[in-house]
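# Structure assessment
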Amino acid sequence: MGRFINGTTVDISIAPLVLCKRYVPTDQTIAVAAATANDPTITATAPLTADLAKFSTLTVDISGVTRYIYVDADVLAGGTNIPVKGMNFDLPAGNVEFIAKQPIANTTEASFELTANAQEFYFLNNQASSFKDETTVTGEWSVPITTNLQLETPAQNILGNASVDLILNDRECYMWLEYITSACVSSLGFTGKTTREGVICVMEYSESAPGDNIVTISATLSGRGAVTTSNFYDN
């Protein structure tokens, strides 16, 4: 039932995870004290409301320019000292934003493979006025990707660093794979996206620079455990 979306546009996003913790990363707004360029730490003026993993990116608008601040160590919820790396600007007191989902690629389903070495199970249930279609994939699964990203942007920072820290520290990340709602689905009155998401490791990472400030990345997002699926049948 859900397969008629095959071949439509898919968005893939990623977020780093704190070591040894598996959870769904969430956005948060962090109030911070002023800091100067090259400070190794910025200070939150209130405890963090959620974990903040190493390689996360904080953004701040300074005089109309978006600036990136890269987190340099895991900080757990409730913490206030945030180690940062390479901040080459003065940070005024105010709010910085953490957006969990960092887009890797906007592609079509034909451009990658979602593979699993375990059986896929489909459940179709008539629930009131709509169907609910769920897929549970157990065991190992993988999504090979090839994408062009701007150098030193959040997604490129996560992919490159997480692939190295996987070797050093078993660093895991969280991936969202979202099928954009098609015109056919929308005409039926459904507005939600079909998504697959789960814990992954960034493996087989390689990059090249085809042009100024652009990097072509190839990697395999190797999944651990089950894929969580939600979709437009839940309306």
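Below is a summary of the structure that appears in this document. None of the values given here were measured: they were computed from a predicted structure.

### Regarding the overall build of the protein
Helix and strand counts for the protein come out as two helices and 16 strands. Across the 235 residues that make up the protein, the buried fraction comes to 45%. By sequence separation, contacts in the protein at least 24 residues apart represent 72% of the contacts at least 6 residues apart. Split by element, the accessible area of the protein, about 11500 Å² in all, is 51% carbon and sulfur.

### What about the pattern of salt bridges?
Inspection of the entire model under this criterion finds four salt bridges. Of the charged contacts in the structure, one is a salt bridge between K21 and D51, with a shortest N-O distance of 2.6 Å. Here D51 lies in the loop between β3 (41-43) and β4 (57-62) and K21 lies in the loop between β1 (9-16) and β2 (28-32), a separation of 30 residues in the sequence. Note on K21: relative accessible area 34%, which makes it partly exposed. Among the salt bridges present, the one from D74 reaches R171, with a minimum N-O distance of 3.0 Å. Note that D74 is positioned in the loop between β5 (65-71) and β6 (81-85) and R171 in the loop between α1 (154-169) and β13 (173-179), a separation of 97 residues in sequence.

### Observations concerning the nonpolar core
In terms of nonpolar packing, the biggest core is built from 26 residues, with I30, I42, L52, L58, I69, I82 and L91 touching the most fellow members. Listed by contribution, the elements that provide at least two residues to this core are β2, β4, β5, β6, β7 (94-98) and β13. Per element, the largest residue contribution to this core is three residues, and it comes from β4. Those residues in contact with I82 that sit more than four places away from it in its chain are I30, P40, T41, I42, A44, L48, L52, V71 and V75. If you look at the next biggest cluster of nonpolar residues, it comprises 23 residues, including V202, V215, I217 and A219.

### As for unusual backbone geometry
Residues other than glycine seldom take positive phi values, yet N38 does so here, at roughly 75°. Along the chain, N38 turns up in the loop between β2 and β3. Residue E152 is not a glycine yet carries a positive backbone phi of 65°. Classification of E152 as partly exposed rests on a relative accessible area of 47%.

### Details of the sheet that holds β2
Taken together, the six strands give an open sheet; going across it, the order is β2-β7-β4-β5-β6-β3, and neighbouring strands pair in antiparallel fashion. Edge positions in the open sheet fall to β2 and β3, since each of these has one partner strand only. Going from strand to strand, the sheet's axes swing by 40° on average, the running direction of each strand aside. Direction of pairing for β4 relative to β7: antiparallel, over a ladder of two bridges. Across the sheet, T59 pairs through a bridge with E97, a residue of β7.

### Some remarks on the pairing of β7
The pairing of β2 with β7 spans five bridges and is classified as antiparallel. Bridge pairing in β7 places T29 opposite E97.

### Regarding the side chain of T153
Secondary-structure assignment places T153 in the loop between β12 (140-150) and α1. Excluding anything up to four places from it in sequence, T153 contacts Y68 and Y70.

Parameters and conventions
Residues numbered from 1 in each chain as written. Predicted model: local features only at pLDDT ≥ 70, side-chain atom pairs only at ≥ 80, totals over all residues. Heavy atoms only, no water. Helix = DSSP H or I, 4+ residues; strand = E, 2+ residues; numbered from the N terminus. Buried < 20%, exposed > 50% of the residue type's maximum accessible area, 1.4 Å probe, protein only. Contact = heavy atoms within 4.5 Å. Areas by Shrake-Rupley, 256 points an atom, 1.4 Å probe, with all protein chains shown as cover. Salt bridge = Lys/Arg side-chain N within 4 Å of Asp/Glu carboxyl O. Core = buried A, V, L, I, M, F, W, Y, C linked by side-chain atoms within 4.5 Å. Pairing = 2+ DSSP bridges. Axes fitted to C-alpha atoms, helices over the stretch in contact; angles between N-to-C directions.

That is the geometry; function is a separate question.
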